[in-house]
Amino acid sequence: MTAILDLSDTAARDAIAAQARARFTDKPSLVGMSRAELSEALAGAGVPDRQLRMRASQLWHWLYVRGVSDFDEMFNISKELRGRLAERFAIARPEIVEEQISGDGTRKWLLRFPPRGAGRPVEIETVYIPEEGRGTLCISSQVGCTLTCSFCHTGTQKLVRNLTAEEILAQLMVARDRLGDFPDRDTPDGAIVPAEGRKVSNVVMMGMGEPLYNFENVKKALLIASDGDGLSLSKRRITLSTSGVVPEIARTGEEIGVMLAISLHAVRDDLRDMLVPINRKYPLKDLLDACRAYPGLSNARRITFEYVMLKDVNDSLSDAKELVRLLKGIPAKINLIPFNPWPGSNYQCSDWETIERFADYVNAAGYASPIRTPRGRDILAACGQLKSESERLRKSERLALEAMMIAGHGEA
Ligand code: SAH
Ligand code: SF4
């Protein structure tokens, strides 16, 4: 059963919205600032130099360990300083427009961010996927996408703008709020609860948008998310997925140091040109060379190659053979993704036997090749199904989608 929590009726929703409106206004947010920027902000609020480091650490702890979204909760900071901070800065969460819970436990949030400068408010989607022993949060990096991969729903939504570091982090913080995943209080020795014990144990930059076309903001947000004195996610548990922005791949390893996933999807340039059009700019050879040179690459830190299974398009045994040949020498794992349909999509998912045959071949060649279980399809939360306002699905489109799934198209 699909539960749609329509937050619009509830007092909680009104309170969140009012808080978001009141606090966001035009004030810059402290969320998403580096430690140096935070110190600068504190100095601007009149904190004396000798206190800057200590105050910045206190704030960091409140924001990222305890997850507060109201200055008044920071009880070890004087009321007077809290007042001065609140006058100048915001720390409120974005508005949660809708929260949907799939029959399989997957959750999707539609979040609204206030205008930046002269712009309009924007909406994006974030998805939480609970699994045995871990929980993965799928974060968006852009509103829409400039790329137009032909099998991807996000690709049909024009780029509205890049998300800021604050907005990227806010997705993680909202998820932790809603899942009760911030600790109530510090442990007696002030230690931080390890990621293993957390509901959000892993993050994937696989939501809306191409993260490497928003490099600086993604970098800033991920460095804060992996800061050991804050949100404390291990870089081994953060995966950035790119469609193949070759010039930024080395920097991703050097400057961010997270795990890399490549949306490969085809093993020949002519086909990849059609499926993933960025291939015309950065063809397979360049992409795979960049992968071979990925900083920190080893058998313990493999690159994940994502491969969407499209019926009669890229799913033959000769494709599997070519895939194995292409990846030779790259420590890799191959993630086979059954195609997730969306209204208006022109593909079908490969048959289950075909996917298994493909997986078996790749596996026998020595590559782990898990088939990604589609999650949250009933709420359009699965890979490639995300797309936000202003073009959310009309009811008739939802019904069409359901009919499509019942008819078996795209079902794995
Ligand atoms: N823009 C980035 C990350 C977001 S997409 C990228 O392209 O890598 C996350 C993954 O879902 C990518 O591998 C993407 O190609 C894949 N995907 C897109 N649409 C899909 C669909 N309809 N069904 C299954 N996977 C899809
Ligand atoms: Fe953009 Fe990734 Fe979708 Fe391609 S697959 S259109 S890069 S979000």
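Above this text sits the structure in question.
Note that residues are indexed from 1 along each chain, following the sequence as it is written. Throughout, the order in which chains and ligands are written sets their labels, letters from A for the former and numbers from 1 for the latter. Per-residue local features are limited, in this predicted model, to residues with pLDDT of at least 70; the limit for side-chain atom pairs, both in listing and counting, is 80 or more; totals at the level of whole chains, interfaces and linings are taken over all residues. Calculated side-chain values reflect all of the structure's heavy atoms, with hydrogen atoms and water omitted.

### What to know about the pattern of salt bridges
One side-chain nitrogen of Lys or Arg within 4 Å of one carboxyl oxygen of Asp or Glu is enough to make a salt bridge. With the rule as written, the count across this model stands at 27 salt bridges. For the salt bridge of Glu 37 with Lys 220, the shortest nitrogen-to-oxygen distance reads 2.8 Å. Taken together, the residues Glu 37 in helix H2 (residues 35-44) and Lys 220 in helix H6 (residues 215-225) connect sequence positions 183 residues apart. The class for Glu 37 is partly exposed, based on a relative accessible area of 31%. When salt bridges with common partners are traced through the structure, they connect Glu 216, Lys 219, Glu 248, Arg 251 and Glu 255 into a single cluster. Secondary structure follows DSSP: runs of H or I at least 4 residues long count as helices, runs of E at least 2 residues long count as strands, and numbering of each begins at the N terminus. Accessibility here uses a 1.4 Å probe with only protein chains present; expressed as a share of the type maximum, an area under 20% marks a residue as buried, one over 50% as exposed, and anything in between as partly exposed.

### Description of the side chain of Arg 55
Mapped onto the fold, Arg 55 is located in helix H3 (residues 49-65). Lys and Arg are tallied as positive, Asp and Glu as negative. Neither His nor the chain termini are counted. Buried charge Arg 55 goes without a salt bridge, the closest partner of opposite sign being Glu 80 at 8.4 Å. Throughout, a contact is declared for two residues whenever any of their heavy atoms are within 4.5 Å. In contact with Arg 55, other than residues within four places in its own chain, are Leu 42, Val 47, Asn 76, Ile 77 and Leu 81.

### Examining the site of ligand 1
Around ligand 1, the surrounding shell holds 21 residues, and the nearest of these are Phe 151, Gly 209, Ser 241, Ser 263 and His 265. Between N or O atoms, a polar contact is any pair within 3.5 Å; within protein, one atom must be a potential hydrogen donor and the other a potential acceptor, and residues adjacent in sequence are included only when both atoms are from side chains. Between ligand 1 and the protein, one listed contact pairs a nitrogen atom with a backbone N or O atom of Phe 151 at 2.9 Å. Only the protein chains shown count as cover for residues, and all accessible areas are computed by the Shrake-Rupley method using a 1.4 Å probe. Protein chains shield 96% of the accessible area of ligand 1, which is 540 Å² for the free molecule. Put plainly, a pocket is an open set of points on a 1 Å grid over the protein atoms alone with protein on both sides within 12 Å along at least five of seven lines, a cavity is a set where a 1.4 Å probe fits but cannot get out, and a lining residue has an atom within 4 Å of a point. Criterion for pocket placement: a molecule counts as inside a cavity or pocket if more than half of its atoms are within 2 Å of its grid points. With respect to the pocket detection grid, ligand 1 is positioned in the largest cavity. The set of elements that each furnish at least two residues to the shell around ligand 1 consists of strand S9 (238-242), strand S11 (303-309) and strand S12 (332-338). The class makeup of the residues in the shell around ligand 1 is 10 nonpolar, nine polar and two charged. Near is defined per residue: the residue qualifies when any heavy atom it owns lies within 4 Å of the molecule or strand. When residues are grouped by polarity, Ala, Val, Leu, Ile, Met, Phe, Trp, Tyr, Cys and Pro land in nonpolar, Asp, Glu, Lys and Arg in charged, and all others, Gly among them, in polar.

### Observations concerning empty space enclosed by the protein
Left-over empty space is what a probe sized like a water molecule reveals as it rolls over the atoms. Grid points are joined across faces, edges and corners, and a volume is the space filled by probe spheres set on the points. The full count for this structure, using the stated rule, is five cavities of 30 Å³ or more. A volume near 500 Å³ is recorded for the largest cavity. Per-class residue counts for the lining of the largest cavity are 16 nonpolar, 11 polar and three charged.

### Quick notes on the nonpolar core
Side chains of a nonpolar character, in soluble globular proteins, are inclined to be buried together. As used in this record, nonpolar core signifies buried Ala, Val, Leu, Ile, Met, Phe, Trp, Tyr and Cys residues forming a set joined through side-chain atoms within 4.5 Å. By size, the foremost hydrophobic cluster in this structure holds 116 residues, and its most contacted members are Leu 30, Phe 151 and Phe 305. Among all residues touching Phe 151, those that are not within four sequence positions of it are His 265, Leu 275, Val 276, Val 308, Leu 310, Phe 339, Trp 342 and Tyr 347.

### Looking at H2
Note: α-helices contain 3.6 residues per turn, so residues at a spacing of three or four share the same orientation. What H2 keeps buried is the set Leu 38, Ala 41 and Leu 42. Projection of H2 onto a plane perpendicular to its axis shows the buried side chains occupying an angular sector of 100°, all on one side. With respect to the buried face of H2, the exposed residues turned more than 90 degrees away are Ala 36, Glu 40 and Gly 44. Remark: Gly 46 follows H2 within two positions and exhibits a positive phi of approximately 90°. Here the arc refers to the set of directions running from the helix axis out to each C-beta atom.

### Some remarks on the site of ligand 2
Surrounding ligand 2, one finds Cys 145, Leu 147, Cys 149, Cys 152, Gly 155, Gly 209 and Ser 243. Its atoms largely coinciding with the cavity grid, ligand 2 occupies the largest cavity. The residue makeup of the shell around ligand 2, split by class, is four nonpolar, three polar and no charged.

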